Amino acid sequence: MAPSGTPRGGPPLTEEAAEDLLRCICFKTGPPRTVGAELEWLVHDLRDPREPVPPARLTAALDSLRSLPLVSALTFEPGGQLELSSQPAGSLMECLDSLASDLVAVRAALAPLGLTLSGYGVDPWHAPRERVLREPRYDAMETALGRTGPGGRAMMCESASVQVCLDAGYEEPGPLGHLRRWELAHLLGAVLVAAFANSPQHGGRRTGWRSTRQALWAGLDPRRTLAPPADREPRARWAAHVLDTPVLCVRAEEGPWLVPEGLTFREWLRTGLPRPADADDLRYHMTTLFPPVRPRGHLELRMIDAQPGADGWMVPVALATAVFEDPEAAEAAHRAVRPLAELAGPEPAPRNPLWTRAARDGLADPALHAAALEVFAAAGPALRRIGAKEPVRRAVDAFRERYVEPGGCPGVELEVSAP
């Protein structure tokens, strides 16, 4: 999530100028060259992760990390989750090595404080978690998302993910073209949900979902977490989607931020109320939209649960990078997931039947299992071609053998141990 901010007082924005700005900044095309990742972690007691960590202890520990000399950006989520965001890297290994080094430093700093990082899509034991960040953005978000039920607070305070950031691709058609990559992201996204589902338990109880985190996202605000319909060129469709999504908040220099109900950004532009909107307001509004694939110049894949173990996060980052960056793997992955479009139907992700099956059943679903097997098969040789080191390739192979081939996912093991 983006940090809080206040208006810069730029000139009022027109509806036409807003559409032009969105088309320019959300899909920046060119040769795919960079990759990035954002890793969210729950922070648990080192000796017993089932023991709640008091907010004061958590806040003091997180504050002590701010002076660490990290390459990645270190931020915190409302419930005290820790997030490391890599710099745009010129290769998969540059991205992985940089994040791995920073994680070593963070874990070393937390261990003497009796705390550790845990990789789960939602907190298996602690719900509800108390919000530890008290900022206008999160006050407004809790109010707005709370209108649709308790899922908003759970998403803010009790969830964690692995997010992969990849270039939008070429303007021209082809396996690395932005149109193909946009389509691939929304079909492959369901496979990623299913294969890496790691949140079958929440607050000490089984939920009936392999990815409770994805189920929470799908149950939030009826517009804010949806992908745009796929029946138009993505720039135009995304621009319309952004403008027609209700505003989460109107920032203020002082005092609480206004949380209007049902005011779309387009209506805000047309009426100029409660104050005229400017370009910075539009950029901020985009940070309050949480679709499974968010175009921010690059493509941000947001659907993957946080992964167990010290290095489990590397597998989804490596897999996604391989099938997006290697042309041969991109073609094979597209062939593998294209049949899933019929299961998805006309409804946008993540509320269509395909994504529901991915979150509920994981790779126990036969169609998703078949697609996952082909995607992992394509990724294996592609990882070698894009320069992945042998330990990374072995990790992806081990994940395939342990989870994908038998139709499982990391959450199955947690599910078995749940009461």
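Residues numbered from 1 in each chain as written. Predicted model: local features only at pLDDT ≥ 70, side-chain atom pairs only at ≥ 80, totals over all residues. Heavy atoms only, no water.

S.K.: Lay out the overall build of the protein chain with the relevant residues and their values.
M.R.: Looking only at helices and strands, the protein chain has 17 helices and nine strands in total. The C-alpha radius of gyration computed for the protein chain amounts to 21 Å, which stays within 12% of the reference 22 Å derived for 419 residues, consistent with globular compactness. In terms of its C-alpha atoms, the protein chain occupies a principal-axis envelope of roughly 55 × 55 × 40 Å. Taken over 419 residues, the protein chain has a buried fraction of 58%. The long-range share in the protein chain, meaning contacts at least 24 apart out of those at least 6 apart in sequence, stands at 76%. On the protein chain, roughly 16400 Å² of surface is accessible, and the fraction owed to carbon and sulfur atoms is 55%. (Helix = DSSP H or I, 4+ residues; strand = E, 2+ residues; numbered from the N terminus. Rg over C-alpha atoms; globule rule 2.2 N^0.38 Å. Buried < 20%, exposed > 50% of the residue type's maximum accessible area, 1.4 Å probe, protein only. Contact = heavy atoms within 4.5 Å. Areas by Shrake-Rupley, 256 points an atom, 1.4 Å probe, with all protein chains shown as cover.)

S.K.: Tell me what's going on with the pattern of salt bridges, and back it up with residues and numbers.
M.R.: As enumerated under the stated definition, the model contains 34 salt bridges in all. One salt bridge connects Glu 19 with Arg 266, and the closest N-O pair in it is separated by 3.3 Å. In this pair, Glu 19 sits in helix 1 (residues 15–25) while Arg 266 sits in helix 9 (residues 265–271), placing the two residues 247 residues apart along the sequence. Note that Arg 153 is salt-bridged to Glu 142, the shortest N-O span being 2.3 Å. (Salt bridge = Lys/Arg side-chain N within 4 Å of Asp/Glu carboxyl O.)

S.K.: So what about helix 11 (residues 314–325)? Which residues, and what values?
M.R.: Helix length check: helix 11, at twelve residues, gives a terminal C-alpha distance of 16 Å against a target of 16 Å (1.5 Å per residue), a fit within 8%. Where burial is concerned, most of helix 11 is hidden: twelve out of the twelve residues are buried. Along helix 11, the residues that are buried comprise Met 314, Val 315, Pro 316, Val 317, Ala 318, Leu 319, Ala 320, Thr 321, Ala 322, Val 323, Phe 324 and Glu 325. (Expected span 1.5 Å × (residues − 1).)

S.K.: Residues and numbers for the packing of helix 11 against helix 12 (residues 327–337), please.
M.R.: In the contact formed by helix 11 and helix 12, the axes pass within 5 Å of each other and the chain directions differ by 100 degrees. With respect to their mutual orientation, helix 11 and helix 12 come out roughly perpendicular. Along the contact surface, helix 11 presents Ala 322, Val 323 and Glu 325, while helix 12 presents Pro 327, Ala 329, Ala 330 and Ala 333. Of the residues belonging to the contact of helix 11 with helix 12, the class tally is six nonpolar, no polar and one charged. (Axes fitted to C-alpha atoms, helices over the stretch in contact; angles between N-to-C directions. Parallel < 35°, antiparallel > 145°, perpendicular 65-115°, else oblique. Nonpolar A, V, L, I, M, F, W, Y, C, P; charged D, E, K, R; others polar.)

S.K.: Describe helix 3 (residues 92–110), listing the residues and the values that go with them.
M.R.: Helix length check: helix 3 (19 residues) gives 27 Å between terminal C-alpha atoms against 27 Å at 1.5 Å per residue, within 8%. Along helix 3, the positions that sit buried rather than exposed are Leu 92, Met 93, Cys 95, Leu 96, Ser 98, Leu 99, Asp 102, Leu 103, Val 106 and Leu 110.

S.K.: Give me the lowdown on the packing of helix 1 against helix 10 (residues 279–286), citing residues and values where you can.
M.R.: Two elements in contact, helix 1 and helix 10, have axes whose closest approach is 11 Å; the angle formed by their N-to-C orientations is 50 degrees. As judged from the angle between their axes, helix 1 and helix 10 are oblique. Helix-helix and strand crossings are classified by hand; for helix 1 and helix 10 the assignment is right-handed. Of the residues in helix 10, those touching helix 1 at Ala 18, Leu 21, Leu 22 and Ile 25 are Ala 279, Leu 282, Arg 283 and Met 286. (Left-handed = near helix turned anticlockwise from the far one by under 90°.)

S.K.: Which residues make up the side chain of His 178, and what values do they have?
M.R.: With respect to the helices, strands and loops of the structure, His 178 is situated in helix 6 (residues 178–195). Of the residues examined, His 178 reaches a relative accessible area of 3% and is grouped as buried. Not counting residues within four places of it along the chain, the set of residues in contact with His 178 comprises Phe 27, Thr 29, Ala 168, Gly 169, Tyr 170, Glu 171, Glu 172, Glu 233, Pro 234 and Arg 235.

S.K.: Would you mind going over the nonpolar core in detail, with residue names and values included?
M.R.: Among the nonpolar cores identified, the biggest contains 123 residues, and Leu 82, Leu 301 and Trp 313 are the most heavily contacted of them. With eleven residues, the single largest contributor to this core is helix 6. With sequence-adjacent residues up to four places away left out, Leu 301 is seen in contact with Val 162, Gln 163, Val 164, Leu 166, Ala 185, Leu 192, Pro 292, Val 293, Ala 320 and Phe 324. (Core = buried A, V, L, I, M, F, W, Y, C linked by side-chain atoms within 4.5 Å.)

S.K.: How would you explain the packing of aromatic side chains if you had to name every residue and give the values?
M.R.: Each aromatic ring pair is summarised here by two numbers: the centre-to-centre distance and the angle between the ring planes. Counted by the stated rule, this structure contains nine aromatic pairs. Both rings, one in Phe 265 and one in Trp 268, keep their centres 5.2 Å apart while their planes meet at 65 degrees; by these two values the pair is edge-to-face. Placement of the pair is Phe 265 and Trp 268 together in helix 9, with a separation of three residues, close to one helical turn. Between Arg 107 and the ring centre of Trp 41, over which it is positioned, the NZ or CZ distance is 5.0 Å. The lysine or arginine in question, Arg 251, covers the ring of Tyr 284, its NZ or CZ lying 4.4 Å from the ring centre. (Phe/Tyr/Trp six-rings, centres within 6.5 Å; stacked < 30°, edge-to-face > 60°. Lys NZ or Arg CZ within 6 Å of the ring centre and 35° of its normal.)

S.K.: Tell me about the environment of Met 156, and please be specific about residues and values.
M.R.: Within the secondary structure, Met 156 is located in helix 5 (residues 151–158). Along the sequence, Met 156 and Arg 131 sit 25 residues apart, while their C-alpha atoms lie 8.2 Å from each other.

S.K.: Any chance you could break down the pairing of strand 5 (residues 161–167) for me, citing the residues and the numbers?
M.R.: Across the seven residues that make up strand 5, a large majority, seven, are buried. Because side chains alternate across strand 5, one face comprises the buried residues Ser 161, Gln 163, Cys 165 and Asp 167, and the other comprises Val 162, Val 164 and Leu 166, equally buried. As judged from the five bridges shared by strand 1 (residues 35–45) and strand 5, these two strands associate in the antiparallel manner. Across the sheet, Ala 37 pairs through a bridge with Val 164, a residue of strand 5. In this structure, strand 5 lies alongside strand 9 (residues 298–305), joined through six bridges in antiparallel fashion. (Pairing = 2+ DSSP bridges.)

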